[in-house]
Amino acid sequence: MKRTDGPLRLFGVAFAILAVAGCGNRQSTKPATAPFVRTSIASYGAIQPAQHLAGIIAPYQNVAIQSTLAEPADAVYVREGDPVRAGQVLAQLDTSDLQAQMQSDLATANSNHANTTHTVFQGSLSIAQGQDTVRNDEAAVRQAQQTLTNDQTNLSRDQNLLAQGYVSQQSVDAQSTLVRNDQQALNSANANLASARSTVQANGTLSGQGLQAAAVQQSQAQEEVALAQAQQVRVQIGKATIVSPIDGVVVNRNLNPGEYPGNRELFTLQQVNPIYAVLHASSEQISGIAAGAPANLTVAQANGSGRFVGRVVGVLNEINPGSTDFQVKVQLANAQQRLRPGMVVQGQIATTPVRGVRVPTTAFTDDNHDALMTVQSGDSIKTVKVAELGSDGTTSVVNGITGGTRVVSDGQTSVGDGEKVSFQQ
């Protein structure tokens, strides 16, 4: 029994080894399976690329409030951090001396007004008196002329009677003296009339030219000057009430009751609704950004990231001459004031649409985005050089391939040129 069990045992072991060896040979002859890759078909179309820019939140406008008055503050009604509305009183300066000055100017104006009234009446009287004098002098001239005419007639008659011997020479001489006196009286009356007419002409009228009109105008000018001075003081009194010109927030207060304003900045206000996001960009990044482009912004907050939507309102030129740092200003609504100046923000801005052959952005073989893997006839891989024209983050437009080309969707997959692959049709 021992001799027969040994050979049988050896034969069983040998048969098992041969069986295992035979199975191994059959597995090694089975053909290898081609690796599976995800693919997509390049197609012609358009994308709207987006630029990713970083920046900070900035106020819509800063307002620095000063005062030109040399008056102390009676009261200050706001503190730093207080919200304010346009027209809200921030502080009140003392105006007691300005009120007194205005009352003095108004009293002067009233006095000048009374003087104007007096001048008008006085001028009217002078003009009327001058006109009466002219009329009286005209009457005197007429009377003197009539007297002269009568006496000249009598002289002529007496001279005829003297020739006939009816009157004496003494009577004729007396009549001649009377005529000469009448002529002198007429000359004096004409001189008085000329003087009266000159006076009337110099006086003129109250509404035209002349001494009386000039006197009235001078008095009126003095009244207007006093009123203008009163109005100037009234304006200064109005400035003593310091009000907010905007809806905003007080970020700096530099005035306390009893202090004089001086030349310093009293309040700094910031308007924060709407508000700006100021993003920094290079010359290449701003090339496709236009005013009005939509922008999505993300701001890190205590409870996570806040997302906001705005629009580009301006692309500003380089900040410093010779630099390549440009600014893109995005305006956002901020009614709840979740955004505050100084916050760091990340922005995604849509740029000008780009048309061409579209491929997945993940299809590029490296970060340079200059090569793709394509599937050739026979299902083999070939790497092709391309140029990226634009990307929206998921899809890129490239030059170097045509529409309908099958590309490997994951360019980082571990397959090489010439290698056969399998994919889903």
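About the criteria used
- Residues numbered from 1 in each chain as written.
- Predicted model: local features only at pLDDT ≥ 70, side-chain atom pairs only at ≥ 80, totals over all residues.
- Heavy atoms only, no water.
- Helix = DSSP H or I, 4+ residues; strand = E, 2+ residues; numbered from the N terminus.
- Rg over C-alpha atoms; globule rule 2.2 N^0.38 Å.
- Buried < 20%, exposed > 50% of the residue type's maximum accessible area, 1.4 Å probe, protein only.
- Contact = heavy atoms within 4.5 Å.
- Salt bridge = Lys/Arg side-chain N within 4 Å of Asp/Glu carboxyl O.
- Pairing = 2+ DSSP bridges.
- Axes fitted to C-alpha atoms, helices over the stretch in contact; angles between N-to-C directions.
- Parallel < 35°, antiparallel > 145°, perpendicular 65-115°, else oblique.
- Left-handed = near helix turned anticlockwise from the far one by under 90°.
- Nonpolar A, V, L, I, M, F, W, Y, C, P; charged D, E, K, R; others polar.
- pLDDT = per-residue confidence, 0-100.
- Patch = residues over 30% accessible without salt bridge, like charges linked within 9 Å, V, L, I, M, F, W, Y side chains within 5 Å.
- Areas by Shrake-Rupley, 256 points an atom, 1.4 Å probe, with all protein chains shown as cover.
- Core = buried A, V, L, I, M, F, W, Y, C linked by side-chain atoms within 4.5 Å.

**Here we look at the overall build of the chain**
Working step 1: A count of helices and strands for the chain gives five helices and 19 strands.
Working step 2: In terms of C-alpha radius of gyration, the chain reaches 56 Å, well past the compact-globule figure of 22 Å for 425 residues.
Working step 3: Projected onto its principal axes, the C-alpha positions of the chain cover 225 × 60 × 35 Å.
Working step 4: Considering the chain as a whole, with its 425 residues, one finds that 34% of them fall into the buried category.
Working step 5: For the chain, the proportion of contacts with a sequence separation of at least 24, taken over those separated by at least 6, is 73%.

**Regarding the pattern of salt bridges**
Working step 1: This model, assessed by the stated rule, comprises five salt bridges.
Working step 2: Here Asp 132 ties to Arg 135 by a salt bridge, and the two come within 2.0 Å at their closest N and O atoms. Linking Asp 132 with Arg 135, this pair stays in helix H2 (residues 96-164), spanning three residues, or about one helical turn.
Working step 3: For Asp 132, a relative accessible area of 35% gives the class partly exposed.
Working step 4: In this structure, Asp 158 engages Arg 157 in a salt bridge whose closest nitrogen and oxygen atoms are separated by 3.8 Å.
Working step 5: Assessed through its relative accessible area of 11%, Asp 158 is described here as buried.
Working step 6: What makes Arg 157 partly exposed here is its relative accessible area of 47%.

**Some details on the environment of Tyr 276**
Working step 1: Topologically, Tyr 276 is positioned in strand E9 (residues 267-281).
Working step 2: On the basis of relative accessible area, Tyr 276 is assigned to the buried category, the value being 13%.
Working step 3: As a C-alpha pair, Tyr 276 and Asn 112 span 164 residues in sequence and 57 Å in three-dimensional space.
Working step 4: Sequence-distant contacts of Tyr 276, that is, excluding residues within four places in its chain, are made with Ile 56, Ile 57, Ala 58, Pro 59, Tyr 60, Val 313, Lys 329, Val 330, Gln 331 and Leu 332.

**A short note on the sheet that holds strand E4 (residues 73-76)**
Working step 1: The antiparallel open sheet is built from three strands, whose spatial order is E4-E6-E7. Either end of the sheet is taken by a strand with one partner, and the two such strands are E4 and strand E7 (241-243). Strand after strand, the sheet turns through a mean of 20° between neighbouring axes, direction not considered.
Working step 2: Where strand E6 (residues 89-93) and E7 come together, three bridges link them in antiparallel fashion. In the strand pairing of E7, Gln 92 is matched with Thr 241.

**A few points about the packing of H2 against helix H4 (residues 211-239)**
Working step 1: Close contact between H2 and H4 brings their axes to 8 Å; oriented N to C, the two are set at 165°. Between H2 and H4, the crossing angle belongs to the class labelled roughly antiparallel. Crossing of H2 against H4: the hand is left-handed.
Working step 2: The residue inventory of the contact of H2 with H4, partitioned by class, reads 13 nonpolar, 17 polar and three charged.

**Examining the confidence of the model for the chain**
Working step 1: Looking at the chain, the pLDDT average stands at 86 and 91% of residues meet or exceed 70.
Working step 2: Counting contacts from residues 1-30, a segment whose pLDDT is below 50, to residues more than four positions away or on other chains yields zero contacts.

**Details of a nonpolar patch on the surface**
Working step 1: Together, Tyr 77, Val 89 and Val 243 make up a nonpolar patch on the protein surface, roughly 250 Å² of accessible area in all.
Working step 2: Residue placement: Val 89 occurs in strand E6.
Working step 3: Looking at Val 89, the relative accessible area reads 31%, which means it is partly exposed.

**Examining the sheet that holds strand E14 (residues 354-360)**
Working step 1: The strand order across the open sheet built from four strands is E2-E14-E18-E17, with neighbouring strands paired in antiparallel fashion. Either end of the sheet is taken by a strand with one partner, and the two such strands are strand E2 (43-47) and strand E17 (387-391). The sheet shows a mean angle of 55° between the axes of neighbouring strands, direction not considered.

**Description of the pairing of strand E13 (residues 344-350)**
Working step 1: Bridge count between strand E3 (residues 50-65) and E13: seven bridges; the pairing is antiparallel. Bridged to Ala 54 within E13 is Gln 346.
Working step 2: Of the pairings in the sheet, the one linking strand E10 (residues 294-301) to E13 comprises five bridges and is antiparallel in character. Paired with Ala 295 across the bridge in E13 is Ile 349.

**Topic: the pairing of strand E12 (residues 326-332)**
Working step 1: Burial of E12 is extensive: five of the seven residues sit out of reach of the surface.
Working step 2: Pairing geometry for E9 and E12, over seven bridges, is antiparallel. From the neighbouring strand, Ala 281 faces E12, where its bridge partner is Phe 326.

**Focus: the nonpolar core**
Working step 1: Counting 23 residues, the largest nonpolar core has Ala 277, Leu 279, Leu 297, Val 328, Val 330, Leu 332 and Ile 349 as the members making the most contacts within it.
Working step 2: Of all the secondary structure elements, the ones that give two or more residues to this core are E3, E9, E10, strand E11 (304-316), E12 and E13.
Working step 3: A per-element tally of this core places E9 first, with five residues.
Working step 4: In contact with Leu 297, other than residues within four places in its own chain, are Ala 277, Leu 279, Gly 306, Arg 307, Phe 308, Gly 310, Val 330, Leu 332, Val 345, Gln 346 and Gly 347.
Working step 5: Residues Val 76, Ala 91, Ile 246 and Val 250 belong to the second largest nonpolar core, which totals 18 residues.

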